[in-house]
Amino acid sequence: MVLPVPPLQQTCEHYLAALTPIVDPEELNHTRKLLEEFQKPGGVGERLQKGLEQRAKKMENWLSDWWLQTAYLDYRMPVVVHSSPGVVLPRMEFSDRQGQMRYAAKLIAGVLDFKSMIDNETLPVEYLGAKPLCMNQYYKVLSSCRIPGTKRDTVVNYTLDKRPPTHITVVHNFQFFVLDVYNSDATPLTVDQIYIQLEKIWNSSLQTNKEPIGILTSNHRNSWGKAYNNLIKDKTNKESVRAIQKSIFTVCLDAPIPRVSDDMYRTRAGVQMLHGGGSRWNSGNRWFDKTLQFIIGEDGTCGLIYEHAPAEGPPIVSLIDHVVEYMKKSEMVRTPMVPLRMPQKLRFHITPEIKKDIEEAKQNMNIMVHDLDMKVSVFSHFGKDFPKSQKMSPDAFIQMALQLAIYKRCCPTYESASLRMFRLGRTDTIRSTTIDSDKFVKAMDDPAKHNTEKVALLDKAVKAHRAYTDMAIRGQAIDRHLLGLKLQAIEDLAALPEIFMDTSYAVVLHFNLSTSQVPAKTNCVMCFGPVVPDGYGVCYNPMDTHINFAVSAFNSCQDTNAARLAQALEDALLDIKTLLEQTPKAKL
């Protein structure tokens, strides 16, 4: 299906409704007048709408190129914390390098097994209800990499090359290795063979005094773009960088980091996936531009980080689900010992200038590490089973609990909705702060309101969230449409319409709460940083009887605190459950 362009009037109406709970009446009135002007017959809105509709006729997807550019490639903040999500896998029971290698070998074999389904195009098509979803993102996550530029980045994908890559990159002690994972007859190496190769890599990278060249990828994109151009002037460096970019994926064998108590463990694992812990620990043991990096710590901390430009969370999570299942059954098969080539160590010539760039990246990374405030927790009182028993959408239920948890500041809330029902579809925004959510949250705090009224307001808010979600996944939400109208105006070289210069537009796009539901079969949790300096990032994986949450904020903001929001969220979920259990079922 082709992504539609929503009707202009519909978007303008929904835009006003989205603004109602978050801007003051005076501001709202001003915006209402601007929108009336914008929608006049024969006016600027109509002209831009026609331009978008023309674009939609000519292209497979009128939005996807624009979105890739504006959301990712033009974005100049570091990908670390600000853009790339991490995933924490359940803790593994190994505490030595043999366990680490064995697990890594099985994981690599599992990813190659998944790759064979991509290569043979035998990936089962996913459905939403009866509608097939676009599987395009699956073809973008392997053998791809982001390339920095001094003004904008690009993404390269090597899967369609005449000779697609047959190697992965392995990093240990900041040293990069090329590991061929296919035999000359194109069969993948067995777990056993991969294990032997990883042992060789480990043994030839024992010295830890190497320059962490990978930390360059964590810098501000313009600085990294400059450093990159300087780095690849040298032929050896250029070849080494190219080998990393072309690899199918990267495996980071991390050094153990200081132990923490069990209740702090998940949080620490979350930050290790997001940034590696700083220049003293594992932040240099990465190539953050690589689309897919699996992280395996010597202390059993495992997970991954992915560069967000090519894909959303769900394809990454189905890859994880597949690999975890594969690893359960894969046993070490003893292979006839054909001697395998030594994995190739990638060399880098570090000039004084590159050394200076590395030092700058280290400092900036350490500032980011100190600024990220993270709390990963398991809400163990109930999972999606409870909202289902109340005939409520679990996602809408959790979103209303979030609104209640943060209620002191009714703020713009972003929840990502998948547009994969459409060819090349990425995401649109579900706006969880609504007139109905606002009424419910205020009622919860009002002693004059009876429980039955609170339940009725909750039910209405949940249904409103569900309805907006359905609208978003059908390509009828407002955010991408407004962005499209704005970019159409820029492309037409016309003056930017006033609605885009209006304070309301800046307010509505300042997402103090950026959220995402990323459900998985595996008991994992995805985490990401806030999208604004005074905001929160909240990701959750609702399982049947518990919910995994990751909450992030910045220490540099006095008003936000990740542990405090995580606690408020737990209280809110329990308060809503108590409310529903104490209130006799009325005929709603």
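What you see is a predicted model; the values in this text were computed from it and never measured. (Residues numbered from 1 in each chain as written. Predicted model: local features only at pLDDT ≥ 70, side-chain atom pairs only at ≥ 80, totals over all residues. Heavy atoms only, no water.)

(A) Structural detail: the packing of helix 1 (residues 8-19) against helix 16 (residues 479-491). Two elements in contact, helix 1 and helix 16, have axes whose closest approach is 10 Å; the angle formed by their N-to-C orientations is 115 degrees. Helix 1 and helix 16 meet at a crossing whose hand is left-handed. Mapping the contact onto sequence places Leu8, Thr11 and Tyr15 in helix 1 and His481, Leu482 and Leu485 in helix 16. Each residue belonging to the contact of helix 1 with helix 16 can be placed in one class, and the counts come to 4 nonpolar, 2 polar and no charged. (Axes fitted to C-alpha atoms, helices over the stretch in contact; angles between N-to-C directions. Helix = DSSP H or I, 4+ residues; strand = E, 2+ residues; numbered from the N terminus. Left-handed = near helix turned anticlockwise from the far one by under 90°. Contact = heavy atoms within 4.5 Å. Nonpolar A, V, L, I, M, F, W, Y, C, P; charged D, E, K, R; others polar.)

(B) Molecular detail of helix 10 (residues 313-329). Between its first and last C-alpha atoms helix 10 spans 25 Å; for 17 residues at 1.5 Å apiece the expected length is 24 Å, and the two agree. Among all positions of helix 10, only Gly313, Pro315, Ile316, Val317, Leu319, Ile320, Asp321, Val323, Tyr326 and Met327 are buried. At its buried positions, helix 10 is contacted by strand 1 (86-88), helix 5 (97-119), strand 9 (292-297), strand 10 (302-306) and strand 16 (525-527). (Expected span 1.5 Å × (residues − 1). Buried < 20%, exposed > 50% of the residue type's maximum accessible area, 1.4 Å probe, protein only.)

(C) The sheet that holds strand 10, seen in detail. Spatially, the 8 strands line up as an open sheet ordered 11-7-6-8-9-10-1-16, and their pairing is mixed. What marks the edges here is a single partner per strand, and that holds for strand 11 (344-345) and strand 16. As judged from the 5 bridges shared by strand 8 (residues 250-254) and strand 9, these two strands associate in the parallel manner. When the sheet's bridge partners are listed, Asp254 is paired in strand 9 with Gly297. Taken strand by strand, helix 6 (residues 191-203) contacts strand 6 (167-172) and strand 7 (175-180), and its axis lies near 155 degrees from that of strand 7. Packing of helix 9 (residues 262-275) onto the sheet brings it into contact with strand 1, strand 8, strand 9, strand 10 and strand 16, and relative to strand 1 it is tilted by some 145 degrees. (Pairing = 2+ DSSP bridges.)

(D) Broad picture of the pattern of salt bridges. Inspection of every chain in the model, using the stated rule, returns 30 salt bridges. Between Arg55 and Glu491 there is a salt bridge, and its shortest N-O distance comes to 3.8 Å. In this pair, Arg55 is assigned in helix 3 (residues 44-58) and Glu491 in helix 16, connecting sequence segments 436 residues apart. The class for Glu491 is partly exposed, based on a relative accessible area of 47%. A cluster of three or more residues bridged by salt bridges with shared partners is formed by Arg76, Arg146, Asp153, Arg221, Asp289 and Glu307. (Salt bridge = Lys/Arg side-chain N within 4 Å of Asp/Glu carboxyl O.)

(E) Structural context of the sheet that holds strand 15 (residues 513-517). Spatial strand order, 12-18-17-15-13-14: 6 strands in an open sheet with mixed pairing. Strands at the two margins of the open sheet, each flanked by one partner only, are strand 12 (372-379) and strand 14 (427-431). For this sheet, the mean angle separating the axes of adjacent strands, direction not counted, is 20 degrees. Packing against the sheet, helix 11 (residues 352-371) makes contact with strand 12 and strand 18 (547-554), and its axis sits at approximately 45 degrees to strand 12. Along the sheet face, helix 13 (residues 394-405) touches strand 13 (413-418), strand 15, strand 17 (536-542) and strand 18 and points at about 150 degrees away from the line of strand 17.

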